[in-house]
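One-letter residues, chain by chain:
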Amino acid sequence: MIDFTFTEEQELFRKAAREFAETKIAPHVPMMEETNGGWDEVVKELAEAEMFAVTIPEEYGGLGMGYMGRLIALEEIARVSVATAMMYQVFGLGIEPIMKFGTEEQKKKYLPKFVTGERLPTVAVTEPSGGSDPKGARTTYKKVNDSYVLNGRKCFITNSHIADVQIVLAKDEDNPEAFTAFILEIGMDGFKPTHIEHKVGMRGCNTGEIEMKNVEVPAENVLGGEGKGLKVSMSAIGDAGRGGMVGCALGLQQACLDESIKFSNERILYGKPIGKLQAIQFKIADMKIDLEAGRLLGYRAAAIQDQGGRSSNEFAAAKYYTTEAAQRAAKMAVDIHGGYGCMEEIPVTRFLRDSYVLGPSAGTSDIMKVIVARWAVS
Ligand SMILES: Cc1cc2nc3c(=O)[nH]c(=O)nc-3n(C[C@H](O)[C@H](O)[C@H](O)COP(=O)(O)OP(=O)(O)OC[C@H]3O[C@@H](n4cnc5c(N)ncnc54)[C@H](O)[C@@H]3O)c2cc1C
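Model, not experiment: these values are computed from the prediction.

Trainee: Outline the packing of aromatic side chains, listing residues and values.
Mentor: Applying the stated criterion to the full structure yields 9 aromatic pairs. Between the aromatic rings of Y110 and F114, the centroid separation amounts to 6.0 Å while the plane-to-plane angle is 20°, which identifies the pairing as stacked. Of the two residues, Y110 and F114 both sit in helix α6 (residues 104–116), 4 residues apart, roughly one turn of that helix. Looking at F114, the relative accessible area reads 0%, which means it is buried.

Trainee: Talk me through the site of the ligand; I want residue IDs and the actual numbers.
Mentor: As a structural note, the neighbourhood of the ligand is formed by 21 residues, with T126, G131, S132, T364 and D366 the closest of them. The separation between an oxygen atom of the ligand and a polar main-chain atom of G131 is 2.7 Å. Between F156 and the ligand, the recorded distance is 2.8 Å, taken from a backbone N or O atom to a nitrogen atom. In isolation the ligand exposes 980 Å². Once the protein is present, 66% of that is buried. Among the secondary structure elements, those contributing two or more residues to the shell around the ligand are α5 (82–101), β1 (121–124), β3 (147–158) and α11 (365–377). Here the shell around the ligand is composed, by residue class, of 12 nonpolar, 7 polar and 2 charged.

Trainee: Tell me what's going on with helix α1 (residues 8–25), and back it up with residues and numbers.
Mentor: Its 18 residues give α1 an end-to-end C-alpha distance of 25 Å, which sits within 8% of 26 Å, the value for a rise of 1.5 Å per residue. Lining the buried residues of α1 we find α2 (29–35), α3 (39–48), α4 (66–80), α5 and α8 (278–306).

Trainee: Which residues make up the pattern of salt bridges, and what values go with them?
Mentor: Pairing is possible between side chains of opposite charge, provided their charged atoms come close. A full pass over the atoms with the stated rule returns 22 salt bridges. E211 serves as the salt-bridge partner of K192, at 3.7 Å between the closest nitrogen and oxygen. Pair noted here: K192 is in strand β6 (residues 191–196) and E211 is in strand β7 (residues 207–218), with a separation of 19 residues, a long-range link. The exposure class of K192 is partly exposed, given its relative accessible area of 43%. Between D239 and R310 there is a salt bridge, and its shortest N-O distance comes to 2.7 Å. Of this pair, D239 sits in helix α7 (residues 229–266) while R310 sits in the loop between α8 and α9 (312–336); the two residues are 71 residues apart in sequence, bridging distant segments of the chain. Three or more residues joined by partner-sharing salt bridges are found here, namely R14, R18, E75, E76, K288, E292 and R295.

Trainee: Describe the side chain of T180, and please don't skip the residues or the numbers.
Mentor: You can see T180 is positioned in strand β5 (residues 175–185). Take T180: its relative accessible area is 0%, and that puts it in the buried class. Among the polar contacts listed, one links the side chain of T180 to the side chain of Y141, at a separation of 2.9 Å. Dropping the residues within four chain positions of it, T180 is found in contact with Y141, V168, L169, A170, V222, G225, E226, G227 and G229.

The rules behind the values
- Residues numbered from 1 in each chain as written.
- Predicted model: local features only at pLDDT ≥ 70, side-chain atom pairs only at ≥ 80, totals over all residues.
- Heavy atoms only, no water.
- Phe/Tyr/Trp six-rings, centres within 6.5 Å; stacked < 30°, edge-to-face > 60°.
- Helix = DSSP H or I, 4+ residues; strand = E, 2+ residues; numbered from the N terminus.
- Buried < 20%, exposed > 50% of the residue type's maximum accessible area, 1.4 Å probe, protein only.
- Near = heavy atom within 4 Å.
- Polar contact = N/O pair within 3.5 Å; in protein donor to acceptor, adjacent residues only side chain to side chain.
- Areas by Shrake-Rupley, 256 points an atom, 1.4 Å probe, with all protein chains shown as cover.
- Nonpolar A, V, L, I, M, F, W, Y, C, P; charged D, E, K, R; others polar.
- Expected span 1.5 Å × (residues − 1).
- Contact = heavy atoms within 4.5 Å.
- Salt bridge = Lys/Arg side-chain N within 4 Å of Asp/Glu carboxyl O.

Here it is in structure tokens:
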């Protein structure tokens, strides 16, 4: 049986993360919404608060707080800004494969710089050919002497224009069954971010495309060994990627609940707050039950990882449950606000738009159910 009672240190960290989100991130939200930018400012805040250090082991200068620490930070940041949480979650997704599969040289080269935010990573797997089917990807590599030459294009990449270290999945030009993960760095000839997406929600979270044209990557930048790319990238997405989305979804659910309770206490109809109406109370109850159930799934999966186990299946279940629940919560929050729920200046309209962007990231709900069904019959 896995126990995941929060330690005193984790409780204190939650308090600090909440204060950080409310005082340092919240002020940037209106500008992020208006301009679909502002990422440099929030990344600077995250670095100053040592948020990038959370999962990195102490021997590389980090705080070594594991999956639980990361989930706590994400939940508190997403409660204030899902866009910021999403960028933070994908930096964590980039850190994970280097921690797990990197050589000692790679860990020493990158991890201490990630701690300070001096350098930042992302993971680029998805291509226009379809994210659910990574084997259908068309980015290729060819071994030329001691290097590899990469060609291709990736889309929907979080932090595409911020991360200067990008872990790219490519297939062998001469053997379409062989995939390798490479560490690419901005500055390599032929490698650059291109288009920036304008998403319906999570505005201010950088999502875009990258392109590789005859990029020469030295052999020392192969991550996890030649031919092991699917294992490296899917393991990172399965654990850190889906675990991170759970944090984003839980924070959003809490925000929906907070705003709904506030509004239903303030809005007077028939001479009393609408919170006295049972129809409103039932919506609040549904949101609360979804949130607590999602927390149990998510924090349990994180605890399994921190105790040395593997919880990709549990994270898939938690990712499915919490991201769907976030959409339900956002719709209920909008409904509770009546006509105000259609006005852009009311936060719940942002929550509704943000909730729909949670779905596909790190794998769609259909793909989560495919994984969970496989787990159920195994
Ligand atoms: C905001 C955002 C951020 C992202 N960040 C990153 C990132 O940093 N790095 C990265 O590599 N990618 C990233 N992605 C891409 C994301 O991983 C993909 O969008 C996702 O994997 C789905 O791929 P797709 O969009 O190509 O949809 P498709 O794979 O084309 O799917 C289309 C539809 O088919 C369904 N479907 C597919 N296969 C099955 C199946 N076997 N059974 C049932 N239904 C199925 C899907 O559920 C979906 O409804 C991001 C996406 C978004 C929206």
